[in-house]
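An overview of the molecular structure
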Amino acid sequence: MITADGNSVGGEDLTIRTDGFISQADGGSLLSHTGNVSIQSDTDDVEIGGITATTGTIEITSISGSIRDSNADTNVDLTAGTTIYLTAQDDISGLELASGSSVNASSTLAGDITLTGLGSLILSDVDAQNGSVTIESAGTIAAIDVNVSVSYTHLRAHETRH
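What counts, and where the lines are drawn
Residues numbered from 1 in each chain as written. Predicted model: local features only at pLDDT ≥ 70, side-chain atom pairs only at ≥ 80, totals over all residues. Heavy atoms only, no water. Helix = DSSP H or I, 4+ residues; strand = E, 2+ residues; numbered from the N terminus. Buried < 20%, exposed > 50% of the residue type's maximum accessible area, 1.4 Å probe, protein only. Contact = heavy atoms within 4.5 Å. Areas by Shrake-Rupley, 256 points an atom, 1.4 Å probe, with all protein chains shown as cover. Pairing = 2+ DSSP bridges.

The helix and strand tally for the protein chain stands at 0 helices and 20 strands. Out of the 162 residues belonging to the protein chain, those deemed buried represent 44%. In the protein chain, the share of contacts with a sequence separation of at least 24, taken over all contacts with a separation of at least 6, comes to 21%. A total of about 7,400 Å² of accessible surface is found on the protein chain, and carbon and sulfur atoms cover 46% of it.

Inspection of the secondary structure puts T108 in the loop between β14 (101–107) and β15 (113–117). Overall, the relative accessible area of 44% leaves T108 in the partly exposed class. Counting along the chain gives 45 residues from T108 to I63, while the straight-line C-alpha distance between them is 8.8 Å.

Quick look at the pairing of β14 now. On any regular strand, side chains alternate: one points to one face of the sheet, the next to the other face. Of all 7 residues in β14, 7 are buried; the element is thus mostly enclosed. Of the pairings in the sheet, the one linking β14 to strand β16 (residues 121–128) comprises 7 bridges and is parallel in character. What sits directly across from S102, in β16, is I122.

Any link to function would need more than the numbers given here.
Here it is, written out as structure tokens:
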């Protein structure tokens, strides 16, 4: 098990990989100014508090579990300069994404994908095997590739125009 409750800052690529549970405390931050952030658990869940890859990608993988927010809140959990990649065997849920995020999310065995955009979102590739996809956004949603094998897809944008 890896537990992080403070702030970690790096200038280049940051990688965390373990066989166990990964938990980042809500309010904690993991920041890469110029590189990518990669987090992978081979056998358990991953809980996210706050990750930023200013100019790079974020890649979070839970080979045998779920990816979720470490606390049910409305604070931004993921901010990437390019694409956010989320891959889990089970659910991907409760994460708030920064405005303008491009997302590639996949539930590979049986799980729902539930994400919230704090502004506009680009769904570059979202796939749920034996689950549903629910995406809400405070801005527009550009759905390029969204596939659900069994259940339903619900996309809801709350853009206000004056």
